[in-house]
Amino acid sequence: DTKAITPPDIRFRKGQAPLVCLTAYTAPIAKLVDRHCDIVLVGDSVGMVLHGLSSTLGVTLDMMIMHGQAVRRGLKRALLVVDLPFGSYEEGPEQAFRNAARLMGEAGCAAVKIEGGENMAATIRFLTARGVPVMAHIGLTPQAVNTLGGYRLQGRGDDADRIRRDAASVTDAGAFSVVLEKVPEPLARRITAEIAIPTIGIGASPACDGQILVVDDLLGMFTDFRPKFVKRYAELGAGAEAAIAAYAADVRERRFPSAEHVYATASKAGEVA
Ligand code: KIV
Ligand code: NA
């Protein structure tokens, strides 16, 4: 089936097969992810994973638009969701709509993601009522790293009720799905049972309606740190380093370029290959 997946399709997948989601930031990776996933997220994690920022706070709307455009070109089927970055939506519903409309218009995404629960309910309602499908993001919200005091497990003890209220609020406000980040399994299970929209877990157990990971984490391309919830399916970073080291050694020893990579004569006039 090559019909593009829509936000309502995702919403109505609750209770069916698990939703498979990954981030992507570039066209070639988007092309691969598109063949296997339901949702492709251009996450603001792009700032840390590709741009070397130490948190997501420095990510700009222009960065999200540029990576959104690249990913859009690689997709045929998966739903494209793009993160609204820190500072682009928190002032209020009007600011959020203005910037969501830029993401949708310029990057061609069909939905946006914003971090927040009860505090963002009015914004989610405003956007949803005006043609902007919203994926919410609760539990650990990395844009709030400074108020949270780090990237710790969320929802311990009394804090569980806060996150349950956040889940109920974003559902009531019209979000079509919600990312649930870094919470204990019993809480994820309870929230997934309590709300009518799909929960997409990251560090939130298999009890969720779907899973998402940062693609560079699972590929072993981003290795600065490795949360417990990441499973490495490949070690492409190590593979890339070995390839670069081999190239450097070959150049130093004049083993590269070798005969097969050399234009030995000018006899084939006009050859460009
Ligand atoms: O920015 C991101 O990649 C995300 C996902 C990990 C949910 O928000
Ligand atoms: Na994000």
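An unreviewed UniProt entry lists the protein chain under the name 3-methyl-2-oxobutanoate hydroxymethyltransferase, from Mesorhizobium amorphae CCNWGS0123. Per its UniProt entry, the protein chain bears the Sequence similarities (unreviewed entry) comment "Belongs to the PanB family." In its Subunit (unreviewed entry) section, the UniProt entry covering the protein chain states "Homodecamer; pentamer of dimers."

1. Concerning the overall build of the protein chain
For the protein chain, the helix and strand inventory stands at 11 helices and 8 strands. Within the span of the protein chain, comprising 273 residues, buried residues form 42% of the whole. Long-range pairs, those at least 24 residues apart, make up 59% of the contacts in the protein chain between residues at least 6 apart in sequence.

2. Observations regarding the nonpolar core
If you look at the biggest cluster of nonpolar residues, it comprises 72 residues, and the most contacted ones within it are Val40, Val112, Val134 and Val178. The residues touching Val134, leaving out its near neighbours within four places in the chain, are Ala111, Val112, Ile114, Ile124, Leu127, Thr128, Ala175 and Phe176.

3. Quick look at the UniProt feature "binding site: 3-methyl-2-oxobutanoate" (unreviewed entry) in the protein chain
This chain's UniProt record puts "binding site: 3-methyl-2-oxobutanoate" (unreviewed entry) on Asp44, Ser45, Asp83 and Lys113. For the annotated residues, spread through 70 residues, the largest C-alpha to C-alpha distance comes to 12.4 Å, consistent with a single compact locus. Along the chain, the position of Asp44 falls in the loop between β2 (39-42) and α3 (46-49). On the basis of neighbour count, Asp44 is assigned to the buried category, with 29 C-beta atoms found within 10 Å. Excluding anything up to four places from it in sequence, Asp44 contacts Thr56, Val59, Met64, Asp83 and Pro85. Position of Ser45 among the secondary structure elements: in the loop between β2 and α3. Not counting the four nearest positions on each side in its chain, Ser45 is found in contact with Thr23, Thr56 and Val214.

4. Things to note about the sheet that holds strand β8 (residues 210-213)
With parallel pairing, 8 strands are arranged side by side around a closed barrel as β1-β2-β3-β4-β5-β6-β7-β8. Averaged over all neighbouring strand pairs, the angle between strand axes comes to 25°, with direction disregarded. Inspection of the sheet shows β2 paired to strand β3 (residues 79-83) by 4 bridges, in the parallel sense. Paired with Val40 across the strands is Leu80, a residue of β3.

5. Side note on the pairing of β2
Neither face of β2 is open: one carries Ile39 and Leu41, the other Val40 and Val42, and all of them are buried. When strand β1 (residues 19-23) meets β2, the two strands line up parallel, connected through 3 bridges. Residue pairing across strands places Thr23 opposite Leu41, the latter belonging to β2. The parallel pair β1 and β2 is bridged by helix α2 (residues 27-34), and the resulting crossover is right-handed.

6. Some words on helix α5 (residues 93-107)
Over its 15 residues, α5 runs 20 Å from end to end, which matches the ideal 21 Å to within 8%, given 1.5 Å per residue. As for α5, its buried residues are in contact with α4 (61-72), β3, β4 (111-115) and α6 (121-128).

7. Details of the environment of Glu115
Residue placement: Glu115 occurs in strand β4. With 25 C-beta atoms packed within 10 Å, Glu115 lands in the buried category. Excluding residues within four positions of it along the chain, Glu115 makes contact with His137, Thr141, Gln143 and Ala144.

8. Description of the pairing of β8
For a regular strand, the rule is simple: side chains alternate between the two faces of the sheet. Going residue by residue along β8, you find Gly210 and Ile212 tucked away on one face and Gln211 and Leu213 left uncovered on the opposite face. Pairing analysis gives 4 bridges linking β1 to β8, with the strands arranged parallel. Counted as the bridge partner of Val20 is Gln211 from β8. Of the strand pairs in this sheet, strand β7 (residues 199-202) and β8 are connected by 2 bridges, and their pairing is parallel. When the bridges of β8 are listed, Ile200 appears paired with Gly210.

9. Brief notes about the environment of Ser55
Counting through the fold element by element, Ser55 comes out in the loop between α3 and α4. Residue class for Ser55 comes out partly exposed when judged on the 15 C-beta atoms lying within 10 Å of it. Each C-alpha atom, one on Ser55 and one on Asp44, is 9.4 Å from the other, the two residues being 11 residues apart in sequence. Apart from residues lying up to four places away in sequence, Ser55 is in contact with Met48 and Val145.

10. Things to note about α6
Ala121, Thr123, Ile124, Phe126 and Leu127 are the residues of α6 that are buried. Buried residues along α6 sit in contact with α5, β4, β5 (134-139) and α8 (159-173).

Rules and cut-offs
- All chains use their own residue numbering, which begins from 1 and follows the written sequence.
- Chain letters start at A and ligand numbers start at 1, both assigned in the order the entries are written.
- Restriction of local features to residues with pLDDT of at least 70 applies here, the model being predicted, together with a cutoff of 80 or more for giving and counting side-chain atom pairs; totals for whole chains, interfaces and linings are based on all residues.
- UniProt positions are given in the numbering used here, feature names are shortened, and annotations may be inferred rather than shown by experiment.
- Elements are defined by DSSP. Helices are runs of H or I of four residues or more, strands are runs of E of two residues or more, and each kind is numbered from the N terminus.
- To sort residues by exposure, count the other C-beta atoms lying within 10 Å of each residue's C-beta; 20 or more gives buried, 12 or fewer gives exposed, and values between give partly exposed, all with C-beta atoms placed from the backbone.
- Distance between backbone-placed C-beta atoms decides contact: two residues are in contact if it is within 7 Å.
- By definition, a nonpolar core groups buried Ala, Val, Leu, Ile, Met, Phe, Trp, Tyr and Cys residues that are joined through C-beta atoms within 7 Å.
- For two strands to pair, DSSP has to find at least two bridges joining them.
- Axis angles are defined between N-to-C directions and span 0 to 180 degrees, where every axis is a line fitted to C-alpha atoms and, for a helix, only to the segment in contact.
- By convention a crossover is right-handed if, when the strands point away from the viewer, the path from the first strand over the helix to the second runs clockwise.
- Expected helix span is given by 1.5 Å per residue-to-residue step, counting one fewer step than there are residues.

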